Amino acid sequence: MLSSTIQIETKNLNVYFDKHYVLKDVNIKIPAKQLTAIIGPSGCGKTTLLKSFNRLLEIHDEVKISGNIFVDGQDIFDSKGDEIPDIRKKMGLISQKPYPLPMSIYENVAYGLKIHRKKTKKGELDAAIQHYLQEVGLWNEVKDRLHDPASRLSVGQQQRLCLARAIAVEPEVILCDEPTSALDPIAAQQIEKLLLKLKQNYTVVLVTHTLRQAKRLADYVIFLYFGMVIEQGPAEDVFNNPKNPATIAYIKGDIS
Amino acid sequence: MNKRKLRDLIGTKLMLIATLFVSLLFFLIFVLLLFRSGLVLQDNSLFDILFSSTWNPDNSQFGLAPIIIGTILVTGIALLIAIPISLLSAIYIAEYAPWKIRRILRPFIDVLAGVPSVVYGLCAFLFLVPLTKDVIAPWFGVQSTGLCIFTAAVILAVMVFPIIISLCIESFNAVPLALKEASLSVGATKWETVKKVVFRASTPSVIAAILLGFGRAFGETIAINMVIGGIPRIPSSVFSPGETLASLIASKYGELMSIPVHESALMLVALILFVVVLVFNILGVFILRRAKRRWTY
């Protein structure tokens, strides 16, 4: 497969929501420090797959999971309940619609740092917050109103703030669930640029239903269809030489 | 004008009239209370009535201080008991309980909120009064008949539980899942998420729930009337009998309505109840609006 190391690997991953069979025997490998796009029609289980990586699915009572997920070679289902936050800390999550926490811009970025008791000195914390806001290109826009409620920002700014909040705890992976679907084209472009920059230091997993976005950004592609992995591989292979008829149809635009 | 348009017009006007009628009633009650309480204010200043400590209508003494103190004590203690317990159980039901348990508990709590207060009063009279008399008051080294402020406050707290719990559950459930996920995904524990995100995001509605609970506690009449002892004297401890504004009206209206100035005194008490509830509601709306502006998500 790829020259780089494997960050996330699933083995026979099955997920049920109540009686609904959502993910069927999923076996995938996600390379480290690259951008992997999970593509497929809506309702095919993309988001479910994404949220299984940081055990976020399990906050729902009705979910049943079997199989293994290895992150850095460690099976995440081996860890006990009180270790789950440590697994999650390794992976930032960006949701479809930006959800800033109900606090100030500053506190949003400081949230994870305070929880993990990092940068406890005021000066250190300030510097860290400036750093992460600069990383997402938000610093110049908000430096004079750091203590305003985050909800006053525009949607595009909010999404970049969420990104800053996620990377502030220094995760290894950034999970993005259609991060641009609520944004206008310009804000979406900013996020795409950021993701391309971030993949140098982080493993980025991007769920997207826009094929063009996947083509623009992805190094590696996983095509999901009705909960099954139909095809996976380096982006140029999947896009230029799809093998499975369903993949071919999806890429041609016959199914969406 | 054709028939459809006419019907539309009539419908619109009917709704307007109904609304005006309801608002008018509200003002009528207010004006009635205001005028009827005028008589007692001719011979006594409002200051005297509010702050003098002797309530003895036969002697033309209408000091409300003991009753106001009783009301504050009963309502305050009730909320002091009710708020933490309600919040904890609301959080449990909304965030921690397995959904099967949640499905049973929620309607159960809503039913509790609808039980007539006289039922609570009766239960308190039969069980809580003896318990206070024989166990709780002696434990604090105080003698009590059990008919006292403490008993009234406890039963009031019990009555306020379901209101606050029910409203809080609703507001906790209204917090978007993605907001919780955002917190969990930076490695926050469930408790940290509840404390710093769920709680914060629902602060305005929790305040509203508490204010509604206050309204219920402040105006509750019959259950308190049954267990408070009905003695308008400044209480020496929470185990002394007392009286609240609402309960005073309930226990005295029969005997006092025959003498105009006595009637007027009760009308003043009613006016005070009316105004306090009004002020707290306006305050509630104001706080809610401010809090919402700050904590939208």
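Let me begin by describing the structure that accompanies this report. Throughout, residues of each chain are indexed from 1 in the direction in which the sequence is written. As a convention, the first chain written is A and the first ligand written is 1, with the rest following in written order. In keeping with the model being predicted, local features are shown solely for residues with a pLDDT of at least 70 and side-chain atom pairs are shown and tallied solely at 80 or more, while totals for entire chains, interfaces and linings include all residues. No hydrogens and no water enter the side-chain calculation; it runs on all heavy atoms of the structure.

Attention now goes to the overall build of chain A. Check the secondary structure of chain A and you find 10 helices and 10 strands. Radius of gyration means the value over C-alpha atoms here, while the globule rule gives 2.2 Å times the residue count to the 0.38 power. Expected size for 256 residues packed as a compact globule is a radius of gyration near 18 Å; at 18 Å, chain A falls within 12% of this value. Taking the principal axes of the C-alpha coordinates as reference, chain A spans close to 55 × 40 × 35 Å. A 1.4 Å probe rolled over the protein chains alone gives each residue an accessible area, and that area as a share of the maximum for its type sets the label: buried under 20%, exposed over 50%, partly exposed in between. Counting all 256 residues of chain A, 55% fall into the buried class. A contact between two residues is defined here by any heavy atoms of the two lying within 4.5 Å. Nonlocal contacts in chain A, meaning residues at least 24 apart in sequence, comprise 67% of its contacts between residues at least 6 apart. In this charge count, Lys and Arg are treated as positive and Asp and Glu as negative; neither His nor the chain ends contribute. Charged side chains are reduced to one point each, which is NZ for Lys, CZ for Arg, CG for Asp and CD for Glu. The averaged location of the 30 negative side-chain charges in chain A is 3 Å from the averaged location of its 33 positive side-chain charges. A run of DSSP states H or I qualifies as a helix once it reaches four residues; a run of E qualifies as a strand once it reaches two. Both are numbered from the N-terminal end.

Along chain B, the regular secondary structure elements total 13 helices and two strands. Taking the principal axes of the C-alpha coordinates as reference, chain B spans close to 75 × 70 × 35 Å. Within chain B, counting contacts between residues at least 6 apart in sequence, those at least 24 apart form 73% of the total. Areas reported as accessible are Shrake-Rupley estimates using a 1.4 Å probe. Residue values count occlusion only from the protein chains shown. Entry remark: accessible area of chain B is about 15800 Å², with carbon and sulfur atoms responsible for 71%. Seen as two clouds, the 24 positive and the 14 negative side-chain charges of chain B have centres 16 Å apart.

This part covers the interface of chain B and chain A. Taken residue by residue, the interface counts 27 residues in chain B and 29 residues in chain A. Both faces considered, chain B and chain A share a buried interface measuring about 2400 Å² in area, 64% of it formed by carbon and sulfur atoms. Any carboxyl oxygen of Asp or Glu that lies within 4 Å of a side-chain nitrogen of Lys or Arg is treated as forming a salt bridge with it. The tally of links between chain B and chain A comes to two salt bridges. Two residues, Glu-181 of chain B and Lys-51 of chain A, come together in a salt bridge whose shortest N-O distance is 2.9 Å. Put simply, buried area is how much 1.4 Å-probe accessible surface two parts lose in total, over both of them, once they are put together.

Another aspect to go through is a nonpolar patch on the surface. The grouping of Val-275, Val-279, Phe-280, Leu-283, Phe-286 and Ile-287 of chain B at the surface amounts to a nonpolar patch, some 470 Å² of accessible area in total. One can find Phe-280 of chain B in helix α13 (residues 260–295). To count toward a patch, a residue needs a relative accessible area above 30% and no salt bridge. Like charges then connect within 9 Å, nonpolar side chains (Val, Leu, Ile, Met, Phe, Trp, Tyr) within 5 Å.

A few words now on helix α4 (residues 122–135) of chain A. Residue and element names in this part refer to chain A. Under the convention used throughout, the expected extent of a helix is 1.5 Å for every residue step, that is, one less than its residue count. A rise of 1.5 Å per residue sets the reference length of α4, with its 14 residues, at 20 Å; its end C-alpha atoms lie 20 Å apart and thus fit the reference within 8%. Of the positions making up α4, those classed as buried are Leu-125, Ala-128, Ile-129, Tyr-132 and Leu-133. The buried residues of α4 occupy an angular sector of 130 degrees when the element is viewed end-on, so they sit on one face. Where α4 is buried, its residues contact α3 (105–115), α5 (139–142) and α6 (155–167). Once α4 ends, the next one or two residues include Gly-137, with phi positive near 70 degrees. Picture the helix axis, draw a direction to every C-beta atom, and the arc is the one those directions span.

The subject of this paragraph is helix α10 (residues 203–219) of chain B. Count 3.6 residues to each turn of an α-helix, and residues three or four apart come out pointing the same way. Given a rise of 1.5 Å per residue, 17 residues ought to cover 24 Å, and the 24 Å separating the end C-alpha atoms of α10 of chain B matches this to within 8%. Buried within α10 of chain B are the following residues: Pro-204, Val-206, Ala-209, Gly-213, Phe-214, Ala-217 and Phe-218 of chain B.

Before going further, it helps to spend a moment on the nonpolar core. Ranked by internal contacts, the top residues of the largest apolar core, which has 80 residues, are Tyr-111 of chain A together with Trp-55, Leu-64, Cys-168 and Phe-172 of chain B. In terms of residue count, the dominant contributor to this core is helix α7 (residues 149–173) of chain B (16 residues). Excluding anything up to four places from it in sequence, Tyr-111 of chain A contacts Leu-101 and Met-103 of chain A together with Ser-183, Val-186, Ala-188, Glu-192, Thr-193, Lys-196 and Val-197 of chain B. Residues grouped as a nonpolar core are buried Ala, Val, Leu, Ile, Met, Phe, Trp, Tyr and Cys residues, joined through side-chain atoms within 4.5 Å.

Time to look at the pattern of salt bridges. Pairs may arise between side chains of opposite charge once their charged atoms sit close together. Residue and element names in this part refer to chain A. Following the criterion strictly, the structure yields 14 salt bridges over all chains and no others. Note that Glu-83 is salt-bridged to Lys-80, the shortest N-O span being 3.8 Å. Exposure remark for Glu-83: the relative accessible area of 30% places this residue in the partly exposed category. Taking the relative accessible area as the measure of exposure, Lys-80 reaches 55% and is therefore exposed. A salt bridge links Glu-141 to Arg-160, with the shortest nitrogen-to-oxygen separation between them at 3.0 Å. Of this pair, Glu-141 sits in helix α5 while Arg-160 sits in helix α6, placing them 19 residues apart in sequence. On the accessibility criterion, Arg-160 (5% relative accessible area) is buried.

Here we take up the packing of helix α4 (residues 65–96) of chain B against helix α9 (residues 190–201) of chain B. The description of two packed helices rests on the angle between their axes and on the distance between the axes. Residue and element names in this part refer to chain B. Axis lines are fitted through C-alpha atoms, for helices just across the contact stretch, and the angle between N-to-C directions can take any value from 0 to 180 degrees. Close contact between α4 and α9 brings their axes to 12 Å; oriented N to C, the two are set at 110 degrees. Our classification of the angle between α4 and α9 gives roughly perpendicular. Listed contacts from α9 to Leu-87, Ile-91, Glu-95 and Tyr-96 of α4 are Lys-190, Trp-191, Val-194, Val-198 and Phe-199. For classification purposes, an angle smaller than 35 degrees is called roughly parallel, one larger than 145 roughly antiparallel, one from 65 to 115 roughly perpendicular, and anything else oblique.

Residue and element names in this part refer to chain A. Positioned with a positive phi, Asn-12 is a non-glycine residue whose angle comes to about 45 degrees. Mapped onto the elements of the fold, Asn-12 is located in strand β1 (residues 6–17). For Asn-12, a relative accessible area of 43% puts it in the partly exposed group. At Lys-33, a residue that is not glycine, the phi angle is positive and equals roughly 55 degrees. For Lys-33, the location among the structural elements is in the loop between β2 (20–31) and β3 (35–39).

Only rings of Phe, Tyr and Trp enter the pairing, Trp through its six-membered ring, and a pair is recorded when the two centres are within 6.5 Å. The plane angle decides the type: under 30 degrees is stacked, over 60 is edge-to-face, the rest tilted. Considering all chains together, one arrives at 15 aromatic pairs over all chains under this definition. Three or more aromatic residues joined by ring pairs form one cluster here, namely Phe-223, Tyr-225, Phe-226 and Tyr-250 of chain A. By definition here, charges over rings are those cases where NZ of Lys or CZ of Arg is within 6 Å of the ring centre and within 35 degrees of the ring normal. When the ring centre of Tyr-21 of chain A is taken as reference, the NZ or CZ atom of Lys-24 of chain A above it lies at 5.6 Å. Across the ring face of Tyr-96 of chain B, the terminal group of Lys-190 of chain B is positioned such that the distance to the ring centre comes to 4.6 Å.

Turning our attention to the pairing of strand β10 (residues 228–234) of chain A. Residues and elements named next belong to chain A. Bridging between strand β9 (residues 220–225) and β10 involves six bridges; their strand directions are antiparallel. What sits directly across from Tyr-225, in β10, is Met-228. Two strands make a pair as long as DSSP finds a minimum of two bridges between them. The turn linking β9 back onto β10 is made up of two residues, and Phe-226 within it adopts a positive phi angle of 50 degrees.

This brings us to the side chain of Thr-180 of chain A. All names here are of chain A. Counting through the fold element by element, Thr-180 comes out in the loop between β7 (173–177) and α7 (185–198). Judged by its relative accessible area of 13%, Thr-180 is buried. At a separation of 3.0 Å, a polar atom in the side chain of Thr-180 contacts the side chain of Gln-213. The contact partners of Thr-180, leaving out residues within four places of it in the chain, are Ala-188, Ile-191 and Gln-213. A 3.5 Å cut-off defines polar contacts: any pair of N or O atoms within that distance qualifies, except that in protein one atom must be a possible hydrogen donor and the other a possible acceptor, and neighbouring residues in sequence count only when both atoms are side-chain atoms.

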